[in-house]
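This is what each chain is made of:
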Amino acid sequence: MNDWTLIFNEKIVYPHDKQGINFTIAVQHGSEPPISVLTKLDTGSTFCIFQSRYAKMLGLEIEKGEPESVRAATSTFIVYGHELTLKISNLEWEATVYFTPDENFPVSVLGRIGFLDRLKIGLIDYEQILYLNAYNESFTKLLKKE
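Counting restarts for each chain, with residues numbered from 1 along the sequence as it is written. Reporting in this predicted model follows two pLDDT cut-offs: at least 70 for local features of residues, and 80 or more for side-chain atom pairs to be given and counted; totals over whole chains, interfaces and linings ignore these cut-offs and use all residues. Calculated side-chain values reflect all of the structure's heavy atoms, with hydrogen atoms and water omitted.

Engineer: Before we go on, may I ask you to explain unusual backbone geometry in this structure?
Structural biologist: Note: most residues except glycine have negative phi, and most peptide bonds are trans. Backbone geometry places Ser-89, a non-glycine residue, at a positive phi of 55 degrees. Buried residues are those whose accessible area, probed at 1.4 Å on protein chains only, stays under 20% of the maximum for their type, while exposed residues exceed 50% and partly exposed ones sit between those limits. Accessibility expressed as a relative area gives 45% for Ser-89, which makes it partly exposed. Here the phi dihedral of Gln-128 falls at roughly 55 degrees; this positive angle occurs in a residue that is not glycine. By the element assignment, Gln-128 lies in the loop between strand E10 (119-124) and strand E11 (129-134). The class for Gln-128 is buried, based on a relative accessible area of 18%. Helix numbering and strand numbering both begin at the N terminus, where a helix is a DSSP run of H or I of at least 4 residues and a strand a DSSP run of E of at least 2.

Structural data, given as structure tokens:
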């Protein structure tokens, strides 16, 4: 039997919510002040897709971003990517975040590209705890006990 120890530098406690894992992340465009975005962790989403109101708060023109077609379970829609800085706890990184022009888009999601691929994540949903580390190949945070 193997025993494994995971070591993380950041701990996020999120509220109990039957609708998913929701927490706030700071988002910044250029030298403008960061804004807070209420997000949902979505491991099934390829991209980070935010509601249009956050683009407006950042001073972005949504349609001037890089277009991308997104296929969901029941529809396909177009989103527009913008390079932003994401910050959570003491972690900060650059990523492409996509915005939907649909004013009625119900939620902002953090997906694989731009969020999950930038971090090492430990999740204990029963206790509403998310553990995080920056992903860095030269520094292994997964230690095997001998």
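Engineer: So what exactly am I meant to see when it comes to the packing of aromatic side chains here?
Structural biologist: By convention here, two paired aromatic rings are described through the distance between centres and the angle between planes. Each aromatic pair joins two rings of Phe, Tyr and Trp (for Trp, the six-membered one) with centres within 6.5 Å, and gets the label stacked for planes under 30 degrees apart, edge-to-face for over 60, and tilted for any other angle. If you walk through the whole model with that rule in mind, you get 7 aromatic pairs. Centroid distance Phe-8 to Tyr-131: 5.8 Å. Interplanar angle 25 degrees. Geometry classified as stacked. With Phe-8 in the loop between strand E1 (3-6) and strand E2 (10-13) and Tyr-131 in strand E11, this pair connects stretches of sequence that are 123 residues apart. Since its relative accessible area comes to 25%, Tyr-131 is described here as partly exposed. Each member of the aromatic cluster is reached from another via a ring pair, and the members are Phe-23, Trp-93 and Phe-115.

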